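Remarks on the overall topology
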Amino acid sequence: MTAAALLEHYSKLKEEALKKKEQEQKQPLIMVGTASCGIAAGALEVKEAFLKEIKKHKLQASVQEVGCMGYCYAEPIAIISKPGFPPLCYGNVDEGLVKLLVQSFLIEDDPCYEYALVALEPNDIFPTFSDFPRGVYEHKIIMEHCGFIDPEEIDHYLVHDGYAALAKVLSQKPEEIIEIIKSAKLRGRGGAGFPAGIKWEACRKAAGEEKYVICNADEGDPGAFMDRSILESNPHQVIEGLAICAYAVGASQGYFYIRAEYPLAVKRVQKALQQAREKGFLGKNIMGSGFNLEIEIFQGSGAFVCGESSALVSSMEGKMGLPRHRPPRLTSSGYRGKPTVINNVKTFSYVPAIIRKGADWFKSIGTEDSPGTAVFTLVGKVKNKGLVEVPMGTTLRQLIFDVGEGPPDDKQFKAVQIGGPSGGCLPESALDIPIDFDSLKEAGAIMGSGGLVVLDEDDCMVAIARYFLEFTQQESCGKCTFCRLGTKHILDILTDITRGEGTMESLQILQELAEDVKDGSLCNLGKTAPNPVLTTLKYFKDEYLAHIMEKRCPALMCKEITLYYILPEKCTKLCNVCVGSCPTEAIFTREDGIKVIDQGKCVKCDNCRKTCPPEHDAVVKLSPAILPEEGGEKK
Amino acid sequence: MSREITITIDDKKIRTVEGKILLWVALANDIYIPHLCAIEGKDLPEASCRLCFVEIEGKNKPVTSCTQPVYDGMVVRTRTAKVDRLVKTAFELLLSDHRLGCASCPKNRNCELQRIAKERKLKLRHTRFKYLGRETAVDDSPDSFSFDPSRCVLCGQCIWADHEKAKVGAIGFARRGLGRTVATFNYESLKDSPCTECGLCVEACPVGALSFKKNT
């Protein structure tokens, strides 16, 4: 089919979408962010409240559900577009604010700027994203429309040139598409950074007619939610990317492998697939081009290892989700033994933009070897938590301190855990490392799928390493010796150290074992599992030594070697708050009126320390767990 | 694929056929490489015991010889510092989940773990890693043999024999992680399973997990 005919077919569809949009914009429009994050914060109640108020006042206004724009700390978020005003975004919306906004803004034309977060379009009155440090560093490609369009409305995607890239490629040769992706140097965003174009080419060239394309949405890192958010906010973008890949490699069947713990993502992708079929972007003879593609959803059962592509394929085939030795690569023998491309949600998401704007545009963003942007879930001890998209090459310092504004409560930054359980902990001295696949790997961490946890002075690095090892040990499939038994022994040694039972000998064994598990494991889960240990040993050895030599946890986090103590000189004697707060009745009043903790009963729940009035601040944590001599106090 | 080639293993020149798996070529030429899970003729190697590491010139890290096809001019070393270190750790890890007590084990003197220890001068006791001592139950329901999971190294030889030689399908791998085990369907006793007591799995077991009962 000719390019002109495809373009004509597409233009008609887009025109319809634009007309619909125009109609929508004639009256006030309220958009409520209802991705999982928003819903958890109460977005559905906010939506109901808007509907109720609008009905009550008999207003002409519509309420729409949109996805997540990445400002998690301000959820629930609502955007109000009223003709005559710039679209305004409000954070931490509750029923009270809804009533106020409907009354003051929708009825009386006062936008309540004091409650607004940001304006979405440049104007003379209120700042936009680009006026904030975060907006300066952010460069949105795949999250550009997340949070601003209804994910369950295909026309909203069409308005923003959705499916234009698919219409464009269908008149081109598949090899040309692969050449564009190769030349754009698009690297897989699942973690390893393998060039997507080379993968596609290998699959295209592999023998056989039957080929498959799979979108890996088995996101499982603790603290990571980029893929979920994108699927919930703009599923059509991923579908379009997957469809382009299918056309390029010659597949007529595609799959979304989404974990069943993401029910909203499953629902929204399901609906998006349905709409794409109805519009003729999927199914038989797509847009009259002769290209056929069906896409189905496969729901994973939540095994972390199934994010590893050979285990993913094995689980789709109905077998145990176990990885296998590669080669043969999946591009030659994948799903059902046929050539298969498996790419991450984010990788596919970049594809439509690259096709529309060209490889050179993509390469103009980011670094030479890692072009484009990186999407991170910025969480932990940082003020502005959320989903951020920054160009590759941004430094960790800019990301944490400019975009995230650093740790709250004036706490001291200690480390950043990057790349999830497969990643590593980097200290302050590594913060000027540019974020790209190769630099992070060199530092001992990995890009991973994009989890980024900021840690401050209250976090014990041994306990953090232990936390991640506990995760990987539990998620090990058990197939190979190093991962099954190695992670168990690493975990046991770390547990001993956090209890003050570590020895210098066990520290030596820990180092050796971690290195061997990294070198000897069968799949990437095992090969990367020791990274949290190796990086903390490299950058925070002093903390390990404090635990072992002094039985002291410098961050006062490890309960077994920390105790709670009420400073007699600070205790007021006149209040009983700590006594009341203690769930085990461990605190009693001494003859002289001072409160004392019975160490035998104390479960170290932290209640007394939290409830002691700030003017006294008498409860302290001590490590090593040795009570101070109380000679002078017993007056 | 049937091209005649020459490879070198530990300075020994070996004529072989291109594409064969290195482990089998070495073993056929009396060069011992420790291994437990490898099965000749299996399409996709398990590569799970992680004992058959070797170093190949041109590769910066040891590779498992059970997954490595041979090619002309390949230069292999079965004993290097890196290889020995990985094999030692893998072996000690396996022992940490293996109930020792060789003297009372039915496979004493006929055990692959003992052979590996002898060949590589490794200690047959728990050294760096403490014995996990997980609780498992012995299944001695069959008339002719018994299964002691505390001695199982999860090599999968018994399952291959059961599926591919006996063609019965009484056992398979079950559970994940540290809980991974050889089991019958629904964990019923072997007596209640489709097991025919052909004994092929017992013969295949390289360690003392599956053993014939005495006086049978």
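Residues numbered from 1 in each chain as written. Chains lettered and ligands numbered in written order. Predicted model: local features only at pLDDT ≥ 70, side-chain atom pairs only at ≥ 80, totals over all residues. Heavy atoms only, no water.

**Observations regarding the nonpolar core**
We count it as follows: Nine residue types can take part in a nonpolar core, namely buried Ala, Val, Leu, Ile, Met, Phe, Trp, Tyr and Cys, and a core is a set of them joined through side-chain atoms within 4.5 Å. Only protein chains enter the accessibility calculation, which uses a 1.4 Å probe; a residue whose area is less than 20% of its type maximum is buried, one above 50% is exposed, and one in between is partly exposed. Under the DSSP-based scheme used, a helix requires at least four consecutive residues in state H or I and a strand at least two consecutive residues in state E, with every element numbered from the N terminus. The contact definition used throughout considers only heavy atoms, calling two residues in contact when any of these lie within 4.5 Å.
Grouped together as the largest cluster of nonpolar side chains are 88 residues, with contacts concentrated most on Leu166(A), Trp200(A), Phe256(A), Ile258(A) and Phe281(A). Counting residues per element, this core draws most heavily on helix α11 (residues 235-249) of chain A, which supplies 10 residues. In contact with Phe256(A), other than residues within four places in its own chain, are Cys215(A), Leu231(A), Val238(A), Ile239(A), Leu242(A), Val269(A), Leu273(A), Ile295(A), Glu296(A), Ile297(A) and Phe298(A). Among the nonpolar cores identified, the runner-up in size contains 67 residues, and Ile509(A), Leu513(A), Phe147(B) and Ile171(B) belong to it.

**Looking at the sheet that holds strand β2 (residues 12-17) of chain B**
Residues and elements named next belong to chain B. Which entries qualify depends on this criterion: When DSSP locates at least two bridges between a pair of strands, those strands are taken to pair.
Strand order in the open sheet formed by 5 strands is β2-β1-β5-β3-β4, and the pairing between neighbours is mixed. On the outer flanks of this sheet lie β2 and β4 (63-64), each paired with one strand and no other. When strand β1 (residues 4-9) meets β2, the two strands line up antiparallel, connected through 6 bridges. If you follow Thr6 over to β2, its bridge partner there is Arg15.

**A few points about the environment of Ile177(A)**
Tracing the sequence through the fold places Ile177(A) in helix α8 (residues 174-183). In this structure Ile177(A) comes out as buried when scored by relative accessible area, which is 0%.

**Focus on unusual backbone geometry**
All names here are of chain A. For the bond running from Pro327 to Pro328, omega is 5°, close enough to zero to count as cis. Examined against the element boundaries, Pro328 turns out to sit in the loop between α13 (309-316) and β9 (340-344). A cis geometry characterises the amide bond from Ser623 onward to Pro624, with omega recorded as 0°. Tracing the chain through its elements places Pro624 in the segment after β18 (619-622). Despite not being glycine, Leu556 has its phi angle at roughly 55°, a positive value. A relative accessible area of 28% places Leu556 in the partly exposed class. With phi around 50°, Asp617 is a residue other than glycine that occupies positive phi space. Inspection of the secondary structure puts Asp617 in the loop between α25 (607-611) and β18.

**Describing the pattern of salt bridges**
Residues and elements named next belong to chain B. For the record, the criterion: Any carboxyl oxygen of Asp or Glu that lies within 4 Å of a side-chain nitrogen of Lys or Arg is treated as forming a salt bridge with it.
With the rule as written, the count across this model stands at 55 salt bridges over all chains. Note that Arg120 is salt-bridged to Asp84, the shortest N-O span being 4.0 Å. On the criterion of sequence distance, the pair formed by Arg120 in helix α3 (residues 112-120) and Asp84 in helix α2 (residues 81-96) is long-range, its members being 36 residues apart. Residue Arg120 is classed as buried on the basis of its relative accessible area of 8%.

**Focus on the domain arrangement of chain B**
All names here are of chain B. Operational definition: Residue ranges for the domains trace back to a domain assignment, done automatically or taken from a database. The term buried area denotes the loss of accessible surface (1.4 Å probe radius) that occurs when two parts are joined, taken as the sum for both partners. We define a polar contact as two N or O atoms separated by no more than 3.5 Å, with the added condition that, inside protein, one atom must be a possible hydrogen donor and the other a possible acceptor, whereas residues neighbouring each other in sequence contribute only through side-chain atom pairs. All residues other than Ala, Val, Leu, Ile, Met, Phe, Trp, Tyr, Cys, Pro, Asp, Glu, Lys and Arg, Gly among them, are scored as polar; the first ten of these are nonpolar and the last four charged.
Each assigned domain of chain B is listed with its residue range as follows: domain 1 (4-93) and domain 2 (96-212). Centre-to-centre separation of domain 1 and domain 2, based on C-alpha positions: 25 Å. At the junction of the two partners, domain 1 supplies 23 residues and domain 2 supplies 24 residues. Carbon and sulfur atoms make up 59% of the surface buried where domain 1 meets domain 2, a total of about 2000 Å² over both sides. It is Tyr32, Leu36 and Phe91 in domain 1 that bury the most area against domain 2; as a group they hold 38% of the surface buried on that side. Connecting domain 1 to domain 2 are 2 salt bridges. At the boundary of domain 1 with domain 2, the tally comes to 8 residue pairs in polar contact (both at pLDDT 80 or more). For the side of domain 1 that touches domain 2, a count of residues per class yields 12 nonpolar, 5 polar and 6 charged.

**A closer look at the environment of Ile446(A)**
Within the element layout of this structure, Ile446(A) appears in the loop between α17 (437-443) and β14 (451-456). For Ile446(A), the contacting residues outside a window of four places in its chain are Ile418(A), Gly419(A), Ser422(A), Gly423(A), Gly424(A), Leu440(A) and Asn531(A).

**Some remarks on helix α23 (residues 541-549) of chain A**
Residues and elements named next belong to chain A. Every buried residue belonging to α23 is among Glu543, Tyr544, Ala546, His547 and Ile548, and all of these are buried. Buried residues in α23 make contact with β12 (413-418), α18 (461-475), α19 (481-498), α20 (504-520) and α22 (531-539). A positive backbone phi angle near 50° is found at Lys551, which sits one or two residues after α23.

**Examining the pairing of strand β3 (residues 53-56) of chain B**
All names here are of chain B. Covered by surrounding structure in β3 are Phe53 and Glu55 together with Val54 and Ile56, the residues of both alternating faces. Looking at chain direction, β3 and β4 are connected through 2 bridges and run antiparallel. The residue bridging Val54 from the neighbouring strand is Val63, located in β4. Linking β3 back to β4 in an antiparallel pair, the connection comprises 6 residues, with Gly58 at a positive phi of about 100°. In terms of strand pairing, β3 meets strand β5 (residues 75-77) through 2 bridges, oriented antiparallel. Among the inter-strand pairings, Glu55 is bridged to a residue of β5, identified as Arg77.

**Remarks on the domain arrangement of chain A**
How big an interface is tends to be expressed through the accessible area that disappears when the partners come together. All names here are of chain A. Along its sequence, chain A is carved into domain 1 (3-136), domain 2 (162-362), domain 3 (373-459), domain 4 (462-549) and domain 5 (562-626). Each of domain 2 and domain 3 has a C-alpha centre, and the two are 28 Å apart. Counting from both sides, the interface comprises 17 residues of domain 2 and, opposite them, 19 residues of domain 3. Both faces considered, domain 2 and domain 3 share a buried interface measuring about 1400 Å² in area, 61% of it formed by carbon and sulfur atoms. Our count for the domain 2 to domain 3 interface comes out at 1 salt bridge. The closest approach of N and O atoms between Asp438 and Arg187, which form a salt bridge, is 3.2 Å. Where domain 2 touches domain 3, the interface holds 4 residue pairs in polar contact (both at pLDDT 80 or more). Every element with two or more residues in the side of domain 2 that touches domain 3 is listed here: α10 (226-233) and α14 (345-357). In terms of residue class, the side of domain 2 that touches domain 3 is built from 7 nonpolar, 6 polar and 4 charged.

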